[in-house]
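Topology and contacts: notes
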Amino acid sequence: MTTHERYAKLCKEVNFHNYRYHVLDTPVISDLEFDRLAAELRQIEADYPDWITPDSPTQRAGASPAEKFEKVRHPRPILSLANAFGAGDARAWYERIRKLDDRVEKAGFVVEPKIDGLSVVLHYRDGVFVQGATRGDGEIGEDITTNLRTIKAIPLRVPVSSEQSSVFSDQSLKGSPLFSGTQPPKANVKSPPYFVVRGEAFITVKEFEKLNKKLEEAGEKTYLNPRNTAAGSLRQLDPSITASRPLTLLVYQVVYSEGGDVPTNQWELLEWLMALGFPVTDAARRFPDLESAIAYTETWATRRDELPYEADGMVIKIDDLRLAADLGFVGKDPRGAIAFKFPAREVTTQLQEIRVNVGRTGVLTPYAVLEPVEIGGVVVERATLHNFDYIAEKDIRPGDRVLVKRAGEVIPYIIGPVAEVRTGAEKPYAPPAACPACGQPVEHFEGEVAWYCVNAACPAQLVRNVEHFVSIGAMDITGLGIKIVEKLIETGAVKDVADIYTLKREDILEAVTKKDRKTKSEPPGKIADNLLAAIEISRQQPLNRLIAALGIRGVGEVSAADLSRAFPSLDLLALASAEDLQMIEGIGPNIAGAIVDWFSRKRNRSVLEKLRAAGVWPTSVGTAPAPSGGPLAGMTFVVTGTLAGFSREGVKEFIESHGGKVTDSVSRNTSYLMLGEAPGSKLEKAKALGVKIIGENELRMLCGK
Ligand code: IVH
């Protein structure tokens, strides 16, 4: 096989695996294998940039930011839908159209979820995705092609009538309800030379919650709801931001086509789109009459939370697309379809109190205590208020009547106050000046929206702090599980992490007997002895482990090792200025500031003194100093996920012993991202920045092994 043939094959393969993963949700290779294919593809493209085609999977991200979006005229108006608020409205709609055309009496229907996302319009020429636009006013939208390319569910190439074969075998479609009916999967489906499809871009509820959790932990602003987030993500001028958001899409309509056949009923159209490689809902069903369509629709009103995305209703469509077109439209609403809306999940209730939660990193998060109210079959008593800026922006006051929304599995949130019904007694809310758990003053860091409790001894954080201190990458004390930690804190035996080293056998016995021991068969005495032994062993941990164990904001295992090399004792590290710290590669102003701040705190200093007094004061460094030279000299690596053949420390040592560097976060200066199983957000960031992604074999190859 020539390199060019190999390149063409890799393009097809990577596109196919993207499709298996992002459209069918059933990958057939591991992430690691996928990344190897993608890395090989990228390498060929780096060697032969002239070969790169617009449908290469590497072309999804990487476009440079735009100044503004160009306008696009849609080939046909992008219509809206009239609403029905119950079976009565749906039957009235049917009666109206039956009177206009008697073919309606024999018509069948297709029912699909009405996804609460953004309508997008995708153009394909000769099988290649060439343009994508927002709906805009229905006549003219905005060109967001480069942003849409980053959505992996959108096929960049589909089989076209002039082509011989497609990468998508019909096998890959088996198991879909669209093909579980009487009809066999269509073989060799081809698209016309030019056609335009319409779909809904959105973020699933799960991905939305994940995104918000990450933002909250980083002290950044969280998003209001999946729809706003999807809308904001699609309208980014910088496509690398869009690429980092978990957008996906489902298609449901062919708006326009030229030079080829397109199915003339909705059900076959969905099958056809699916066979071309487009993502299509698996909740669509076909019915012979309106009553069965209504019955199916109504089953979803109570099951809507089972859909992975937010849906505000179901769309009932006349199956026969010619009849639907002949029925015409009223204003912007086609007569051939109707949106059967689910009951609204927004209600008003009284905001009794604003309370504040203290998270793992000390972030303070406000939440609302509500007069209990039923929303869509669930009694809601708490709602998120996102952050203190949000409360101020919306002027939400304790005692207010507030509009609350519960959508899908998304945590209920407050849309805003109903200011018209204020009594005058509601006073603007002021964020707490002190931590509600420990009473220490709270702090705010520049560039972040969150307020923090930075007190290392705060009881709300102490459990998490101890958990972190004893974890595997830190002091590695086996047997000190969360349940025992909670009890030790409750009994007062542990007031900070240093107290671990002065624990007595009786303290542990008391905690062990107090905790629920249903699942433990070991006698308390043995548990206590084992734990004391593990604590004793942990005294020998090197300095980098202890630095990592302190839980300083932004200081992970990698930075801790870098710090321990530059400052070979905690005394020296405590004396370092922010400027000194920033001399170390990988330590930026934020981490440097957090370190200086941590050592300046009285409570933290007292923890350090206790550790010193307890003899836990290492001066040895765990990893060998980085040699100069070697095959990896000048290269910077970031590791994400679990590697099969290396531990975290092991891979670091391997890279460093060959002259490379390992840092904690991905930046434009990162040479390679080392990818393991279950990677974190670093992978998305690396992709967005175009950082090369490699596996263990490639690493060994780089070292000439
Ligand atoms: S059909 C002529 N089907 O709902 C075709 N629309 O309120 C009209 N939507 O603007 C649209 N899921 O953005 C259709 N399965 C679906 C849909 C859907 C969501 C949106 C669409 C439209 C809005 C109408």
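Residues numbered from 1 in each chain as written. Predicted model: local features only at pLDDT ≥ 70, side-chain atom pairs only at ≥ 80, totals over all residues. Heavy atoms only, no water.

Let's talk about the pairing of strand β15 (residues 363–375)
- Across seven bridges, strand β14 (residues 346–358) lies against β15 in antiparallel orientation. Residue pairing across strands places N357 opposite T365, the latter belonging to β15.
- Looking at chain direction, β15 and strand β16 (residues 378–384) are connected through six bridges and run antiparallel. Residue pairing for β16: I375 is matched across the bridge by V378.
- Joining the antiparallel neighbours β15 and β16 is a turn of two residues, in which G376 adopts a positive phi near 55°. (Pairing = 2+ DSSP bridges. Helix = DSSP H or I, 4+ residues; strand = E, 2+ residues; numbered from the N terminus.)

Observations concerning the sheet that holds strand β4 (residues 118–125)
- The four strands are arranged β5-β4-β7-β8 in an open sheet whose pairing can be described as antiparallel. This sheet does not close on itself; its edge strands, each paired only once, are β5 (128–134) and β8 (247–258). Looking at each pair of strands side by side, their axes are set apart by 25° on average, direction ignored.
- As paired elements, strand β7 (residues 194–203) and β8 share ten bridges and run antiparallel to each other. Residue pairing across strands places I203 opposite L247, the latter belonging to β8.
- Against the sheet, helix α8 (residues 266–276) touches β7 and β8, its axis set at about 115° to β8. (Axes fitted to C-alpha atoms, helices over the stretch in contact; angles between N-to-C directions. Contact = heavy atoms within 4.5 Å.)

A word on the environment of A339
- Of note, A339 is situated in strand β13 (residues 337–341).
- A C-alpha to C-alpha distance of 20 Å links A339 and L100, two positions 239 residues apart in sequence.
- If near-sequence neighbours (up to four positions away) are discounted, A339 is found in contact with L81, A82, N83, A84, K114, M314 and V315.

Notes on empty space enclosed by the protein
- Summed over all chains, the structure comprises four cavities of 30 Å³ or more.
- Here the largest cavity defines a volume of roughly 70 Å³.
- Surrounding the largest cavity, twelve residues form its lining, E216, E220, V363, H386 and N387 being those nearest its centre.
- With three residues, β15 is the largest single contributor of residues to the lining of the largest cavity.
- Its residues placed into classes, the lining of the largest cavity shows four nonpolar, five polar and three charged.
- Approximately 50 Å³ is the volume attributed to the second largest cavity. (1 Å grid on protein atoms, 1.4 Å probe; cavity = no way out; pocket = protein on both sides within 12 Å on 5 of 7 lines; lining within 4 Å. Points joined across faces, edges and corners; volume = space filled by probe spheres on them. Nonpolar A, V, L, I, M, F, W, Y, C, P; charged D, E, K, R; others polar.)

A short note on the nonpolar core
- Within the largest apolar cluster, 56 residues are counted, with the highest numbers of intra-cluster contacts made by F469, I477, Y501, L563, L570 and L611.
- Per-element accounting of this core gives the leading share, six residues, to helix α20 (residues 589–600).
- Sequence-distant contacts of L611, that is, excluding residues within four places in its chain, are made with F469, A498, Y501, L546, L550, V616 and W617.
- Among the nonpolar cores identified, the runner-up in size contains 44 residues, and V23, F129, A230 and L269 belong to it. (Core = buried A, V, L, I, M, F, W, Y, C linked by side-chain atoms within 4.5 Å. Buried < 20%, exposed > 50% of the residue type's maximum accessible area, 1.4 Å probe, protein only.)

Concerning the packing of aromatic side chains
- Counted according to the given criterion, the structure contains 17 aromatic pairs.
- On the basis of an interplanar angle of 45° and a centroid distance of 6.1 Å, the ring pair of Y7 and W51 is categorised as tilted. Here Y7 is found in helix α1 (residues 3–22), whereas its partner W51 is found in the loop between α2 (31–47) and β1 (71–73), with 44 residues between them in sequence.
- Overall, W51 belongs to the partly exposed group, its relative accessible area being 23%.
- Through pairs of rings, three or more aromatic residues link up here, namely Y124, F129, F195, W272 and F278. (Phe/Tyr/Trp six-rings, centres within 6.5 Å; stacked < 30°, edge-to-face > 60°.)

Focus: the environment of G416
- Within the secondary structure, G416 is located in strand β18 (residues 413–417).
- Exposure remark for G416: the relative accessible area of 8% places this residue in the buried category.
- Setting aside chain neighbours within four positions, we find G416 in contact with V402 and L403.

Quick notes on the sheet that holds strand β9 (residues 285–287)
- Across the sheet, which stays open at both edges, the five strands sit in the order β2-β13-β10-β3-β9 with mixed pairing between neighbours. The sheet terminates laterally at β2 (82–84) and β9, the two strands that pair on one side only. Averaged over all neighbouring strand pairs, the angle between strand axes comes to 35°, with direction disregarded.
- Of the pairings in the sheet, the one linking strand β3 (residues 109–115) to β9 comprises three bridges and is antiparallel in character.

Overview of the site of the ligand
- Neighbouring residues of the ligand: 14 residues in total, closest E112, S119, R198, E200 and K317.
- In the model, an oxygen atom of the ligand is placed 3.0 Å from a nitrogen or oxygen of the S119 side chain.
- Considered on its own, the ligand offers 530 Å² of accessible surface; in the complex 88% of this is hidden by protein.
- Looking at the shell around the ligand, the elements with two or more residues in it are β3, β7, β8 and β10 (311–318).
- By residue class, the composition of the shell around the ligand is six nonpolar, three polar and five charged. (Near = heavy atom within 4 Å. Polar contact = N/O pair within 3.5 Å; in protein donor to acceptor, adjacent residues only side chain to side chain. Areas by Shrake-Rupley, 256 points an atom, 1.4 Å probe, with all protein chains shown as cover.)

A look at the pairing of β14
- Summarising the sheet, β14 and strand β17 (residues 401–405) pair through five bridges and their orientation is antiparallel. Bridged to T348 within β17 is L403.

What to know about the state of the cysteines
- Tallied over the entire structure, the rule returns zero disulfides.
- No disulfide involves C438; its nearest neighbouring cysteine sulfur is the one of C453, lying 3.7 Å away.
- Given a relative accessible area of 23%, C438 falls into the partly exposed group.
- Unpaired in terms of disulfides, C453 finds its nearest cysteine sulfur in C435, a separation of 3.6 Å. (Disulfide = S-S within 2.5 Å.)

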